[in-house]
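# Architecture and fold: a report
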Amino acid sequence: MPQELIRNNQRCIQCSAAGAYHCTNSPELCPVNALSYCGEAYSIDELVEEIAKDQILYDEDGGGLTLSGGEPFLFPDFLSQLLPRLRPWMNSIAVETCGYVPFASIEKVMADIDIFLYDLKIMNRDIFLKVCGGDLSVVIENLERLVSQHQRVIPRIPL
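Residues numbered from 1 in each chain as written. Predicted model: local features only at pLDDT ≥ 70, side-chain atom pairs only at ≥ 80, totals over all residues. Heavy atoms only, no water.

## Re the overall build of the chain
To be explicit about the condition: Here a strand is any run of E in DSSP of at least two residues, a helix any run of H or I of at least four, and the numbering for each starts at the N terminus. Remark: exposure states derive from per-residue accessible area (1.4 Å probe, protein chains only) relative to the maximum for the residue type, with buried under 20%, exposed over 50%, and partly exposed in between.
Counting secondary structure elements, the chain contains six helices and six strands. Walking the chain from its N terminus toward its C terminus, one meets helices and strands in the order β-β-α-α-β-α-β-α-β-α-α-β. With the C-alpha coordinates of the chain rotated into their principal frame, the extents come out at 55 × 45 × 25 Å. In the chain, which comprises 159 residues, the proportion classed as buried is 35%.

So, in structure tokens, the structure goes:
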């Protein structure tokens, strides 16, 4: 999974582009740190090892893992390799999602997920299109499909 590139237009001095959002430099070449990487890149094995370090906590309180940050279902192949490795010893696996993904991406790993934390950010089709650039019906249809398949879904309205 690649690291996220963070762009800070406030710091940008426009040395190579009209602003940080248009810059093609790498963070290493940015003289004012307007570009930086966020997060860590892990292989499946490295991530399983990192998660396993907290096994005592999962066992002690019955807790589990929540995948979040961005949209986990944008990486269905990664999830389909990771989750079966965790499932045998993980008490529960939750995924935070906005639901704006092909249902096939969700379906690919659905058997290994216990709880879907489903964020309903904007419920007006026109505003959703304007702000998110997409079709709200995808979000609604995915939610309906999860519920109709008796998945445990917790709808949420993020503030």
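## Quick look at the pairing of strand 5 (residues 115-119)
Applied cut-off: Strand pairing is defined by DSSP finding a minimum of two bridges between the two strands.
By the criterion of burial, strand 5 is predominantly enclosed, with five of the five residues buried. Burial along strand 5 is two-sided: Ile115, Leu117 and Asp119 and Phe116 and Tyr118, pointing in opposite directions, are all buried. Note that strand 4 (residues 93-97) and strand 5 share four bridges and pair parallel. Pairing of Glu96 across the sheet is with Leu117, part of strand 5. One ladder, built from four bridges, connects strand 5 with strand 6 (residues 153-156); its direction is parallel. From the neighbouring strand, Phe116 faces strand 6, where its bridge partner is Val153.

## With respect to the sheet that holds strand 3 (residues 65-67)
Operational definition: Axis lines are fitted to C-alpha atoms, over the contacting stretch for helices. Their N-to-C directions set the angle, which ranges from 0 to 180 degrees. Contact between two residues is taken to exist if any of their heavy atoms lie within 4.5 Å; hydrogens are not considered.
Taking strand neighbours across the sheet as the criterion, the four strands line up as 3-4-5-6 in an open arrangement whose pairing is parallel. What marks the edges here is a single partner per strand, and that holds for strand 3 and strand 6. Between one strand axis and the next, the sheet turns by 20° as a mean value, whatever way the strands run. In the packing of helix 3 (residues 76-86) onto the sheet, the strands contacted are strand 3 and strand 4, and the crossing angle to strand 3 comes to about 175°.

## A closer look at the packing of aromatic side chains
Heads up, the rule is: Only rings of Phe, Tyr and Trp enter the pairing, Trp through its six-membered ring, and a pair is recorded when the two centres are within 6.5 Å. The plane angle decides the type: under 30 degrees is stacked, over 60 is edge-to-face, the rest tilted.
Counted according to the given criterion, the structure contains two aromatic pairs. Taking the centre distance of 6.3 Å and the plane angle of 25° together, the rings of Phe73 and Phe116 count as stacked. Here the residue Phe73 occupies a position in the loop between strand 3 and helix 3, and Phe116 occupies one in strand 5, the gap between them amounting to 43 residues. Where Tyr100 meets Phe128, the ring centres are 5.7 Å apart and the plane angle is 70°; that geometry is what we call edge-to-face. Of this pair, Tyr100 sits in the loop between strand 4 and helix 4 (103-107) while Phe128 sits in helix 5 (residues 125-132), placing them 28 residues apart in sequence. Looking at Phe128, the relative accessible area reads 6%, which means it is buried.

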